[in-house]
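Fold and geometry: a report
What follows is each chain in one-letter form.
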Amino acid sequence: MSTEPRINDRIRVPEVRLVGPSGEQVGIVPLAKALELAQEYDLDLVEVAATARPPVCKLMDYGKFKYESAMKAREARKNQAHTVIKEMKLRPKIDPHDYDTKKGHVVRFLKQGDKVKITIMFRGREQSRPELGFRLLQRLADDVQDLGFVESSPKQDGRNMIMVLGPHKKKTEAMAEARALADARKAERQGRTAGSDAAAETEDDDVVTEVEDVEVEDVATEDEDVATEAQDAPAEAPAVEADAPVEQPAASQGA
């Protein structure tokens, strides 16, 4: 069965108690009048209380209402904390290195706000020495007492001995701190990226400036060389025209 409310033409009652877009009480009106008002306001007529007599309907933008409801539900799920019980298994004669590894996992679980079930597994003749498991559990509880506490004291359960550790920090607090840490790391990475871009731009400006300086120096050197060549060149003597021949007077006839 659908859980969505009936809207507009799906409402099958003769009259409804109408609520306006701003929450004001309009009163009991015929269904046709309510649908007419919905069209006038360009809104939907949504049945919000189907069991009332008459049913309560409200004028609203149903698409926007569904979107906002979905976002609220998503935010609520995001902030919701689920209690999780992690399990860690050990042996009574565990190696020191393995113990440190197992303890590291327990520390991580407690920091995340999860409970941890510690199980000591006995085999063969180890079952006759339960004090070995008890001392190991007590040692582990003392090592992580800053992060968790003994919620369930060690007790024998067949071949196993079980103890439950609870975190001092709530799950919601651990989630909030993890998100804050992630945001801080993201901001730090963005800051480093912005600084690298600025440094690259500065290097580019310096290279352009050096290129311009080199070009200016080359042009100045070329000008100086041209001026020096002009000074060193010998002055050319002005061209001297050859003396024009002197015309002799013609001899007079009858001399």
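Look a little higher up for the structure.
Quick look at the structure, then. Think of each chain on its own: its residues are numbered from 1, step by step along the sequence as written. pLDDT decides what is reported in this predicted model: residues at 70 or higher carry local features, side-chain atom pairs at 80 or more are listed and counted, and totals for whole chains, interfaces and linings draw on all residues regardless. For the side-chain quantities, the full set of heavy atoms in the structure was used; hydrogens and water were omitted.

**As for the overall build of the protein chain**
By the criteria applied, helices consist of DSSP H or I runs no shorter than four residues and strands consist of E runs no shorter than two, each listed in order from the N terminus. Along its length, the protein chain carries 5 helices and 8 strands. Relative accessibility decides the category of a residue: with a 1.4 Å probe and only protein chains considered, values under 20% of the type maximum give buried, values over 50% give exposed, and everything between is partly exposed. Buried positions account for 22% of the 255 residues belonging to the protein chain. When checking whether two residues touch, look at their non-hydrogen atoms; a contact exists if any pair is within 4.5 Å. When contacts within the protein chain are restricted to residue pairs at least 6 apart in sequence, those whose partners lie at least 24 apart make up 56%. The protein chains shown are the only cover counted for residues, whose accessible areas, like all others here, come from Shrake-Rupley with a 1.4 Å probe. Put simply, the protein chain shows about 19100 Å² of open surface, and 51% of that area lies on carbon and sulfur atoms.

**Let's talk about helix α1 (residues 31–41)**
Within the span of α1, buried status applies to Leu31, Ala34, Leu35, Leu37 and Ala38. With its buried residues spanning 160 degrees around the axis, α1 presents them on a single face. Away from its buried face, by an angle of more than 90 degrees, α1 presents the exposed residues Ala32, Gln39 and Glu40. Packed against the buried residues of α1 are β1 (15–19), β2 (25–30), β3 (44–49) and β4 (56–60). For this quantity, the arc is that covered by the directions from the helix axis to the C-beta atoms.

**Some points on the side chain of Thr119**
Relative to the helices and strands, Thr119 resides in strand β6 (residues 115–121). A residue is classified by how much of its surface remains accessible, and Thr119, at 4% relative accessible area, is buried. Setting aside its immediate chain neighbours within four residues, Thr119 contacts Glu87, Met88, Lys89, Leu90, Asn160, Met161 and Ile162.

**Considerations on a positive patch on the surface**
Taken together, the side chains of Arg74, Arg77, Lys78 and Arg179 define a basic patch exposed on the protein surface. Tallying contributions element by element places helix α2 (residues 62–79) first for the positive patch, with 3 residues. Residue position: Lys78 is located in helix α2. Patch membership needs two things, relative accessible area over 30% and no salt bridge, and members are linked within 9 Å if like-charged or within 5 Å if nonpolar (Val, Leu, Ile, Met, Phe, Trp, Tyr). By definition, a salt bridge exists where a carboxyl oxygen of Asp or Glu is found within 4 Å of a side-chain nitrogen of Lys or Arg. In this tally, Lys and Arg are treated as positive and Asp and Glu as negative; His is ignored, and so are the chain termini. We put the charge of a Lys on NZ, of an Arg on CZ, of an Asp on CG and of a Glu on CD.

**Examining the nonpolar core**
One finds Met88, Leu90, Val106, Val116, Ile118, Ile120 and Leu165 to be the most contacted residues of the largest nonpolar core, which totals 19 residues. Elements that contribute at least two residues to this core include exactly β5 (85–90), α3 (96–111), β6, α4 (130–143) and β8 (160–167). One finds Ile11, Val16, Leu31 and Leu37 within the second-largest nonpolar core, a separate group that totals 13 residues. Definition used in this section: a nonpolar core is a set of buried Ala, Val, Leu, Ile, Met, Phe, Trp, Tyr and Cys residues joined via side-chain atoms within 4.5 Å.

**As for the sheet that holds β2**
When DSSP finds two or more bridges between two strands, those strands count as paired. In spatial order, the strands read β2-β1-β4-β3; together these 4 strands make up an open sheet with mixed pairing. On the outer flanks of this sheet lie β2 and β3, each paired with one strand and no other. Going across the sheet, the axis of each strand differs from the next one's by a mean of 35 degrees, ignoring polarity. As judged from the 3 bridges shared by β1 and β4, these two strands associate in the parallel manner. For Arg17, the partnering residue across the bridge sits in β4 and is Val56. Sheet contacts for α1: β1, β2, β3 and β4; angle to β2, the most-contacted strand, approximately 125 degrees. Between N-to-C directions, angles span 0 to 180 degrees; the directions come from axes that are lines fitted to C-alpha atoms, helices contributing only their stretch in contact.

**Considerations on the pairing of β2**
Taken together, the 5 bridges between β1 and β2 define a ladder with antiparallel strand orientation. Across the sheet, the residue bridging to Val19 is Gln25, located in β2.

**Focus on the sheet that holds β6**
Read from one edge to the other, the open sheet built from 4 strands follows the order β5-β6-β8-β7, with strand pairing classed as mixed. The sheet terminates laterally at β5 and β7 (148–157), the two strands that pair on one side only. Between one strand axis and the next, the sheet turns through 20 degrees on average, direction left out of account. Of the pairings in the sheet, the one linking β6 to β8 comprises 6 bridges and is antiparallel in character.

**Remarks on a negative patch on the surface**
A cluster of acidic residues, Asp95, Asp98, Asp100, Asp142 and Asp143, forms a negative patch at the surface. With respect to the helices and strands, Asp142 occurs in helix α4.

**Examining unusual backbone geometry**
Residue Arg53 is joined to Pro54 through a cis peptide bond whose omega torsion reads -5 degrees. Backbone geometry places Asp42, a non-glycine residue, at a positive phi of 60 degrees. Tracing the backbone through its elements, the reader meets Asp42 in the loop between α1 and β3.

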